[in-house]
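Residue-level listing of the chains:
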Amino acid sequence: MSYNKSEVAFKEAYEVIPGGVDSPVRAFSSVGGTPVFIERGEGGYLVDIDGNKYIDFVQSWGPLILGHCDADVESAVIEAVKKGLSFGAPTLTETDLATEIVDMFDSIEKVRFVSSGTEAVMSAIRLARGYTKRDDFIKFTGCYHGHADSLLVQAGSGMATFGSPSSPGVPADLTKHTLLATYNDIESVKKCFEQSEGGISSVIIEPIAGNMGLVPADEEFLEELRALCDEHGALLIFDEVMSGFRASLKGYQGVGSVKPDIVTLGKVIGAGMPVGAFGTRKEIMAELSPEGPIYQAGTLSGNPVAMAAGLASLKKLKSNPEIYATLERRAKRLMEGFKEAADAVGVPMVTDVRGSMFGFFFSDKPVKNFDDALENDSELFGKFHGKMLEKGVYLACSSYETGFISTVTTDEMIEEAILAAKTSLQELTA
Ligand SMILES: *Cc1c(COP(=O)(O)O)cnc(C)c1O
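Okay, so let's go over this structure. Residues take numbers from 1 onward in each chain, read along the sequence in its written order. Per-residue local features of the predicted model are confined to residues with pLDDT of at least 70, and side-chain atom pairs are confined, for both listing and counting, to 80 or more; whole-chain, interface and lining totals are unaffected and use all residues. Here the side-chain values reflect all heavy atoms present in the structure, with hydrogen atoms and water set aside.

Brief notes about the site of the ligand
Then step 1. For each residue, the test is whether any non-hydrogen atom lies within 4 Å of the molecule or strand; if one does, the residue is near. Taken together, S116, G117, T118, Y144, H145, G146, E206, N211, D239, V241, M242 and K267 are the residues near the ligand.
Then step 2. Distance and chemistry together define a polar contact, namely a pair of N or O atoms within 3.5 Å, with one atom able to donate a hydrogen and the other to accept it when in protein, and with adjacent residues in sequence counting only for side-chain atoms on both sides. Interatomic distance of 2.7 Å between a side-chain N/O atom of D239 and a nitrogen atom of the ligand.
Then step 3. What sets the accessible areas is the Shrake-Rupley method with a 1.4 Å probe; for residues, cover comes only from the shown protein chains. Protein coverage of the free-state accessible area of the ligand, which is 380 Å², stands at 83%.
Then step 4. Split into classes, the residues belonging to the shell around the ligand amount to three nonpolar, six polar and three charged. Throughout, the ten residues Ala, Val, Leu, Ile, Met, Phe, Trp, Tyr, Cys and Pro are labelled nonpolar, Asp, Glu, Lys and Arg are labelled charged, and all others, Gly among them, are labelled polar.

Now the structure itself:
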């Protein structure tokens, strides 16, 4: 496989775009090699500018559950484009998409659309702080909620639960209200509640974490989290930007029983167009401007083309709920095949699946939190990634990302990927 054109394209991009990419993970930094530049998508495949074709397990990092160029989404978008790209005034499609979401999620009575997951989370945190009139909130190490200032935190020094900035450019003043807890560890959450002086406005969590690899929360842990929030009058925010419409039609909320207060959505909700959303009970949403005093806005929020894409996609998913069983069966088969390939050469691997989401670590112990995840052999993953790419399998270029199955990822494609994994691991251990 030759990557000549991509190599040239990357050098050219590097001259004018920092790192040659518009989002850091795309640069292949953690796996080495040159990112391939994409020419087009074809259903479950990607085609790069050198003409190489890959089975796509990244799917634009989640949104494309129907694959590339789905006929229904495509025609809805084209129809919307012909009417105008944006008006900055209400359109019927926004109400239609909002109605779909409200009908689907018991936890959402009203929803507001924004243009990214980052914006959805940033706004949800502001809403929670404004509603509870408290500044502090708790997040979990290893969960990703977008790149807003107060969410770019890492563990501070010593035993402190208060976060310090994880990026230059984020003032410590903006992260001092973010308390960091350990995923699946309720004692660490209790400690945060104890250490907060002004009180905790909210706890934000990916109920099925997908940004430290695929690491689902234990149901009992979520139940205890819910109880702690109730006890302290804090709001529980489920960030389902990734798991929404992926782990099941209703994300975590379709498979687990713990009820959040606020829910954030993104990715699949826009089917590849920039869309995010956050919603909750009417009583809380009433605090948001213009109904209430908490400010939130967006020139392109509820963009008609993006809404049309999301609506077509959600309607299709909702009217074919049986697809989730097929997606999960295929994801399980893929992980079973990867595990067999690893066993055959004596390489340790742990795997997990939630609906159309799959994850694997080169590790011999179960992964329950970010520290566990860090123990994976990411060097081996980097080599494995390169080998798989050469064999026409496009995996996420980091061992801390989740993989995705789309409705057009066939059984044959799964078997092809398993075969590629077997050969790759044999080559790497020979
Ligand atoms: C991707 C993601 C975000 C951020 O969404 P963007 O659209 O990239 O801003 C937030 N939360 C979770 C759980 C995500 O997976």
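Observations regarding the pattern of salt bridges
Then step 1. Any Lys or Arg side-chain nitrogen located within 4 Å of an Asp or Glu carboxyl oxygen qualifies as a salt bridge. If you walk through the whole model with that rule in mind, you get 25 salt bridges.
Then step 2. Close ionic contact of R333 with E336 constitutes a salt bridge, the shortest N to O distance being 2.7 Å. Taken together, the residues span about one helical turn, with R333 and E336 both in helix α10 (residues 323-344) at a distance of three residues.
Then step 3. The buried label applies to any residue whose accessible area, calculated with a 1.4 Å probe on protein chains only, is under 20% of its type's maximum; exposed applies above 50%, and partly exposed to all values in between. E336 gets classed as partly exposed once you look at its relative accessible area, which sits at 43%.
Then step 4. With a closest N to O distance of 3.2 Å, E427 and K387 form a salt bridge. Here E427, found in helix α13 (residues 411-429), pairs with K387, found in helix α12 (residues 378-390); they are 40 residues apart in sequence, far enough to count as distant.
Then step 5. The exposure class of E427 is partly exposed, given its relative accessible area of 38%.
Then step 6. For K387, a relative accessible area of 23% translates into the label partly exposed.
Then step 7. A single salt-bridge network, built from bridges that share partners, covers R226, D230, D261, R281 and E283. By the criteria applied, helices consist of DSSP H or I runs no shorter than four residues and strands consist of E runs no shorter than two, each listed in order from the N terminus.

Examining the packing of aromatic side chains
Then step 1. Centres within 6.5 Å make a pair out of two Phe, Tyr or Trp rings, where for Trp the six-membered ring is used; the pair is then stacked when the planes are under 30 degrees apart, edge-to-face when over 60, and tilted otherwise. All told, the structure shown has 15 aromatic pairs when counted by the stated rule.
Then step 2. The interplanar angle of 85 degrees and the centroid separation of 5.5 Å between the aromatic rings of F362 and F384 together place this pair among those described as edge-to-face. Of this pair, F362 sits in the loop between β16 (357-361) and α11 (370-374) while F384 sits in helix α12, placing them 22 residues apart in sequence. Each member of the pair, F362 together with F384, is buried.
Then step 3. Charge-over-ring placement is defined geometrically: NZ (Lys) or CZ (Arg) within 6 Å of the ring centre, and within 35 degrees of the ring normal. Its end group placed over the ring of Y45, K53 keeps NZ or CZ at 4.5 Å from the ring centre.

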